[in-house]
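Observations on chain architecture
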Amino acid sequence: MKLQGLSSKQVEESRRQHGTNELTQIPSDPLWKKILEGFKDPMIMILLVALVVQVGLFLMGQAEWFEPVGILIAILIANGVASISENKQENKASALKEEEEAKEIAKVIRDGKLLEIHVSEVVVGDLVYLQAGDKIPADGVVVEGTLKVDQAALNGETEEATKIPCPDGVSYDVKDLLNKYYAYRGTVVCGGEGYMEIKVVGDKTLFGELALEVQEETRQTPLQVKLGVLAGQISKFGYIGAIAIVVGILAKTFLTGELPTGIYGWIRLLLDAITVAITVIVCAVPEGLPMLTSILLSFQSLRMAKDNVLVRKINGLETAGSLSILFSDKTGTITEGRLSVVELVTGNVVPFKELTKMPSALAADVIIGTGINNSAVASNGSIIGGNSTDRALMAYLIDSKVVNSIAKEEARNFNAFDSSKKFSSVTVMRDGKSMTYIKGAPERIVERCTHYIDENGNVKELVEKNYLMAHMDAQAGRSMRLLAVAKREGESDEGDLTLVCVISIRDNVRKEAADAIHEVQNAGIQVVMVTGDRKETAVAIAKEAGLLKNPDDVALTSAEMAEKSDEEMKKILPHLRVVARALPTDKSRLVRLAQELDEVVGMTGDGVNDSPALKKADVGFAMGSGTEVAKEAGDITILDDNFSSIEKAILYGRTMFKSIRKFLIFQLTVNVAAVLTCFIGPLLGENVILTVIQLLLINLAMDTLAAIAFGSEPALKEYMKDKPVPRTESIVTKNMLIEVIISALYITFICLSILFFAPVRNLFGDVDVTYLKSALFATFMMAITFNGFNARTAHLNPFENLMRNKNFLLVMLSIFVMQFVFVTFGGEVLSVESLSLKSWLICLVLAFMVIPIDMVRKAVMRK
């Protein structure tokens, strides 16, 4: 029939009534907005308060200009690096997306003519012409022809769906992707040709609904939660410490009777006390922590880009390190996403993996029976046309390097696959005789076989078929798709046959996926495979991938899940390993239930059907070959589709979290030691132990430089042996707190001993208080620097893997040099005097003792 399509007027009317075919895109925040949002970070907010205090002190003449400037630089670096890095990654992803969208063209009939238009211009009522290779531009019904459609983008499965015109009076559910009459946007035509009438466009298509759903806001990352709690704890510690110092100085003044004279004397005393107290608050804030997280995120993102992993949303990486459960799509993620030949067996069940291992006569029969008798064509290493089974056979022949032996021109009579006969056939001339080769359903072909070709290429009578049938049943149980190849003399495909081979085809488990799953499971992460496949196939793949191993492991179908309440599912979830026949809503429900159990949830996938769950999950891993909607929804894009890259992302994420904890041990030790020293000193009779400038030099040098030092820690495989850190667990653990307290107490003790404990004080000879305070300042700086070696490893040996982080050594050496310069040349500005070589050695020994003391602590706690 002659198809007219819409007129120009009808197109405009349809567009006005039903809208355009464009998908709504919520634009990403501009850079300036990202930077402003960064100021809401709890750590940055504390720094802003500290900045205001420092500006106030500067205006009162109680602080140097570089003190507020130093904090301002720390804020700008911490906030700017993270925002700029995330903005760059998003721009890179957007550029890739725009490039893909520009190529999307649809062929429509309008005013009786076939036109090519951009997909966004398609309207409801348009007649779209479709042929193999076309991507369907919107949802609608097939009105003419027969189409084979790959719906993997929506349901994740490799099995093609047949789409035909709907007979009159037949009803169907448009939500059921397996219906024969309705085609969906984003799916690809892989065979046949025909016309479809567009019924729904834009956001109203199934593809559009899923794309909109993935643009919802997500919850805070585990690190954001932990840092928010820590910020509150540090604030309280700083405020309590500051109040204690003011009270301590005033109490000491009253108890000793050294009361100031006159109102200005009291103001001076209070001002000094408050200045030291405020400085302690500033010191209690680890300015380097936001900077460290920014450096770590950017540094690790760059490293991972080299491993074909695009960290699209910068917080996705740190969340990956905290994963406790990972929901993975099957097709294209755990499996290869395409059918492959697994093995061929002869009639007496002798298996062959490779064509080259067969006798030449048998191999020649296989090449004709699967290569010439094939709708697909090999061209320059690529495959054109054919259904998924034909393409799998052709790919096998290409891999076997025999594609040049396929002489398609020799085919005298080719009959494509007939659904009633369940086979295809081809007739060729061989050794001067007409030979017909048949390929199709083994249950139809094997029953007609009277002979078979054995492993030596000899024709033998096929008497006992039970052994072959048992093998076929076993392969079907392993989710294999089976094909039989047979031949007979003559040009007819009817009559008795000689069996060439039975071929097992399957969407294979990726070679690296099983190893990666094993590593991820060893890291304490539960892996659940979620697939649209039938349960038997899903279970077979799960067993091969190492997901189903124990008797209490559970595999459910979507229907079985739907029968269970949320509470029942929460009880099953710890044992769940497989969900079959899954719907997009099932994936989102699983993510929600896991999050309600306070799990940190990961989701991998490549199709539009995965997108809502990718977005809702704490971290989404989208495959590089997947749909743009999936990449938009994911936090991390695995550019090479390699499952093992997920393991790398988890390792880098854990390394980052470990680095933050190492930095906190280091930084909190500095803070606690500074607060204790400044609090106890006045009680023992000396109002100012460390001056405001000295404290800020300690704070800025330690914060900024230590962020660089701990930001370069190597990713150690041993981190994958740890259990995931629960979302609710404090970032500072009991063991960390013990380490901080012991080291801080020792540093406080040796520093105060220089001033107040005669045996230590006398080591420096007959010197004045300023000289002793200079020695105290030098000892404090060196002790906290040596403590950095303790903080960077939980092992007994503090120098383990040290050469894998050369930045750490450079930073620590720099701090020692800076300390020497400060004390030697600081003079009145820093309230110090130059020390003798003997004094430096005494300070060095006292400071170094923090390392053996912590080694003893580690040994005791290990026992």
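Just so it is clear, the model here is predicted, and its values are computed rather than measured.

**What about the overall build of the protein?**
Scanning the protein from terminus to terminus reveals 31 helices and 26 strands. Classification of the 863 residues of the protein by burial places 56% in the buried group. Partitioning the intrachain contacts of the protein with sequence separation of at least 6 by distance along the chain shows that 71% fall at a separation of at least 24. In the form shown here, the protein has an accessible surface area of approximately 36,800 Å², with 58% of it arising from carbon and sulfur atoms.

**Comments concerning a nonpolar patch on the surface**
On the surface, Val-55, Phe-58, Leu-59, Trp-65, Val-69 and Ile-73 cluster together into a nonpolar patch covering about 590 Å² of accessible area. Those elements that place two or more of their residues in the nonpolar patch are helix H3 (42-59) and helix H4 (66-101). Counting residues per element, the nonpolar patch draws most heavily on H3, which supplies 3 residues. Overall, the relative accessible area of 44% leaves Ile-73 in the partly exposed class.

**Re empty space enclosed by the protein**
A water-sized probe rolled over the atoms picks out the places where empty space is left. Scanning the model with the defined rule gives 2 cavities of 30 Å³ or more in all. A volume near 40 Å³ is recorded for the largest cavity. Counting residues per element, the ones that place at least two in the lining of the largest cavity are strand E1 (105-110) and strand E3 (127-131). Class assignment for the residues of the lining of the largest cavity results in 6 nonpolar, no polar and 3 charged.

**A look at the environment of Asn-308**
Checked against the element boundaries, Asn-308 lands in the loop between helix H9 (288-305) and strand E8 (309-311). By relative accessible area, which is 37% here, Asn-308 ends up partly exposed. In this structure, the C-alpha to C-alpha distance between Asn-308 and Ser-645, residues 337 residues apart in sequence, is 8.0 Å. Residues within four places of Asn-308 in sequence aside, it is in contact with Thr-637, Ile-638, Leu-639 and Asp-640.

**Here's the deal with the confidence of the model for the protein**
Model confidence for the protein is summarised by a mean pLDDT of 84, while 88% of its residues fall at 70 or above. Element-level mean pLDDT values for the protein span from 65 in H4 up to 96 in helix H30 (residues 837-848).

**Comments concerning the packing of aromatic side chains**
Taken as a whole, this structure holds 13 aromatic pairs when the rule is applied. An angle of 55° between the planes, with centres 5.4 Å apart, marks the rings of Tyr-172 and Tyr-181 as tilted. When the ring of Phe-786 is compared with that of Phe-848, the centres are 5.3 Å apart and the planes differ by 90°; the resulting orientation is edge-to-face. Residue Phe-786 is found in helix H27 (residues 769-791), and its partner Phe-848 is found in helix H30; the two are separated by 62 residues along the sequence. According to the relative accessible area criterion, Phe-848 is partly exposed, its value standing at 37%. Seen from the ring of Phe-808, Arg-792 lies directly overhead, with NZ or CZ sitting 5.5 Å from the centre.

**Observations concerning the sheet that holds strand E23 (residues 576-580)**
In space, the 8 strands of this open sheet follow the order E8-E26-E25-E24-E9-E21-E23-E22, with mixed pairing throughout. The open sheet terminates on both sides in strands that have one partner only, identified here as E8 and strand E22 (554-557). The mean inter-strand angle of the sheet, taken between neighbouring strand axes irrespective of direction, is 20°. Relative to strand E24 (residues 601-605), strand E9 (residues 325-329) is paired through 4 bridges, and the arrangement is parallel. Within E24, the residue paired with Leu-326 across the bridge is Gly-602.

**Quick word on the nonpolar core**
Core analysis: the largest hydrophobic core is formed by 73 residues, its most contacted members being Leu-690 and Phe-780. Ranked by the residues each element gives to this core, the list is headed by H27, at 14 residues. Contacts of Phe-780, omitting those with residues within four sequence positions, involve Val-670, Ala-673, Ala-674, Thr-677, Leu-690, Ile-698, Ile-747 and Cys-751. Ranked by size, the runner-up nonpolar core spans 43 residues in total, among them Ala-320, Ala-516, Ala-542 and Ile-638.

**Digging into the packing of H30 against helix H31 (residues 850-862)**
The geometry of H30 relative to H31 is characterised by a closest axis approach of 5 Å and an angle of 10° between their N-to-C directions. By the criterion of interaxial angle, the relationship of H30 to H31 is roughly parallel. Residues Leu-846, Ala-847 and Phe-848 of H30 lie in contact with H31, whose contacting residues are Val-850, Ile-851 and Pro-852. Residues that form the contact of H30 with H31 fall into these classes: 6 nonpolar, no polar and no charged.

**Focus on the pairing of E9**
The side chains of a regular strand alternate between the sheet's two faces. For E9, the tally of buried residues reaches 5 of 5 residues, placing the bulk of the element in the interior. Alternating positions in E9 separate into two faces, Ile-325, Phe-327 and Asp-329 on one and Leu-326 and Ser-328 on the other, with burial throughout. Inspection of the sheet shows E9 paired to strand E21 (residues 526-530) by 5 bridges, in the parallel sense. Directly across from Leu-326, in E21, lies its bridge partner Val-527.

Analysis parameters
Residues numbered from 1 in each chain as written. Predicted model: local features only at pLDDT ≥ 70, side-chain atom pairs only at ≥ 80, totals over all residues. Heavy atoms only, no water. Helix = DSSP H or I, 4+ residues; strand = E, 2+ residues; numbered from the N terminus. Buried < 20%, exposed > 50% of the residue type's maximum accessible area, 1.4 Å probe, protein only. Contact = heavy atoms within 4.5 Å. Areas by Shrake-Rupley, 256 points an atom, 1.4 Å probe, with all protein chains shown as cover. Patch = residues over 30% accessible without salt bridge, like charges linked within 9 Å, V, L, I, M, F, W, Y side chains within 5 Å. Salt bridge = Lys/Arg side-chain N within 4 Å of Asp/Glu carboxyl O. 1 Å grid on protein atoms, 1.4 Å probe; cavity = no way out; pocket = protein on both sides within 12 Å on 5 of 7 lines; lining within 4 Å. Points joined across faces, edges and corners; volume = space filled by probe spheres on them. Nonpolar A, V, L, I, M, F, W, Y, C, P; charged D, E, K, R; others polar. pLDDT = per-residue confidence, 0-100. Phe/Tyr/Trp six-rings, centres within 6.5 Å; stacked < 30°, edge-to-face > 60°. Lys NZ or Arg CZ within 6 Å of the ring centre and 35° of its normal. Pairing = 2+ DSSP bridges. Axes fitted to C-alpha atoms, helices over the stretch in contact; angles between N-to-C directions. Core = buried A, V, L, I, M, F, W, Y, C linked by side-chain atoms within 4.5 Å. Parallel < 35°, antiparallel > 145°, perpendicular 65-115°, else oblique.

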